[in-house]
Amino acid sequence: MEYRYGAHDFPISGVFEVEPKSCPGFIYRCSVPLGHIKMPPSEFQAFLENVASEYHGDTYHLISKNCNHFTDDIAQRLTGKGIPGWVNRLARVGAFCSCLLPESLQVTTVKQLPEYHHCTEEEGSGSMSSTTPHEPTESDDGDQDKHLLSPPVGSREVAFIREAQR
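About the criteria used
Residues numbered from 1 in each chain as written. Predicted model: local features only at pLDDT ≥ 70, side-chain atom pairs only at ≥ 80, totals over all residues. Heavy atoms only, no water. pLDDT = per-residue confidence, 0-100. Contact = heavy atoms within 4.5 Å. Helix = DSSP H or I, 4+ residues; strand = E, 2+ residues; numbered from the N terminus. Phe/Tyr/Trp six-rings, centres within 6.5 Å; stacked < 30°, edge-to-face > 60°. Buried < 20%, exposed > 50% of the residue type's maximum accessible area, 1.4 Å probe, protein only. Salt bridge = Lys/Arg side-chain N within 4 Å of Asp/Glu carboxyl O. Pairing = 2+ DSSP bridges.

## Overview of the confidence of the model for the protein chain
Stage number 1. Of the residues in the protein chain, 59% have a pLDDT of 70 or more, and the chain-wide mean is 73.
Stage number 2. Below pLDDT 50 for its whole length, residues 110-118 participates in 18 contacts with residues either more than four positions away or in separate chains.
Stage number 3. Note that pLDDT drops below 50 for residues 121-153; the model gives that stretch 84 contacts with residues more than four away or on any other chain.

This is how it looks when you write it as C-alpha cells:
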C-alpha cells in the first residue's frame, strides 16, 4: 500500500491508502527510496493511525502542510532520513514569497493535476507523493470502528485512515 495525505473540508484525517503508483487523478513519475524499516504490520498500522490524527484534511495547505510535508515527516520518524530537497522545493519558495503568490495558490485544496519534477538517475528513484481530495460520504460514517480501510485487490479506489482513539 501507498499512504498519502490530501485535502478535504472536514476535521478528520486526510491520510489515505492507495495501490502503489496509481493514485486516482495523478500521474506517477518516479520512485525515490528513503530507507527500510523492520516493524510488524500491526505496529506500523498503529503508528500510521496515530500520525493520521496530525494530518486532517481541512488543515492541508499547498505551501505549508502538503503531501510532501507528510511524506517527509513519516520518513523522518521511521528512518531518520527525510525526502530529497528538490521534492518540496516549490513549497519552500512559495513560503518565502507568499506575499507574491496569486490568491488561487493560497487556498488549501488541490484543484488540478500538479506539475511534476522529472526524476533523473542522480536524484534516485522513489515515490513522489501527491494526493487527490476526497469528501467523506454517508457510507464512510458507517466505518467508524475501522482503522485501515483497505480497497479490494485490483481496485483503484482509495481508503482513508481512521484516527486512533485517544
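## Details of unusual backbone geometry
Stage number 1. Phi is positive for K21, close to 65 degrees, though the residue is something other than glycine.
Stage number 2. With respect to the helices, strands and loops of the structure, K21 is situated in the loop between strand 2 (15-18) and helix 1 (41-52).

## Thoughts on the packing of aromatic side chains
Stage number 1. This structure, assessed with the given rule, holds six aromatic pairs.
Stage number 2. When the centroid spacing of 6.2 Å and the interplanar angle of 35 degrees are considered together, the rings of F44 and F47 count as tilted. Taken together, the positions of F44 and F47, both in helix 1 and three residues apart, correspond to about one turn of that helix. Each member of the pair F44 and F47 is classed as buried.
Stage number 3. Judged by centre distance (5.1 Å) and plane angle (80 degrees), the rings of Y55 and F70 are edge-to-face. One end of the pair, Y55, is in the loop between helix 1 and helix 2 (67-79); the other, F70, is in helix 2, with 15 residues separating them in the sequence.

## Focus on the pattern of salt bridges
Stage number 1. Scanning the entire structure with this criterion turns up three salt bridges.
Stage number 2. The residue E2 makes a salt bridge to R4 at a minimum N-O spacing of 2.2 Å.
Stage number 3. With its nearest N and O atoms 2.9 Å apart, the salt bridge here joins D73 to R77. Of this pair, D73 and R77 both sit in helix 2, four residues apart, which is roughly one turn of the helix.
Stage number 4. One network of salt bridges, in which partners are shared, links E54, D73 and R77.

## Notes on the pairing of strand 2
Stage number 1. Residue alternation in strand 2 divides its side chains into two sets, V15 and E17 and F16 and V18, and both sets are buried.
Stage number 2. Note that strand 1 (residues 2-5) and strand 2 share four bridges and pair antiparallel. Across the sheet, residue R4 finds its bridge partner in strand 2, namely F16.

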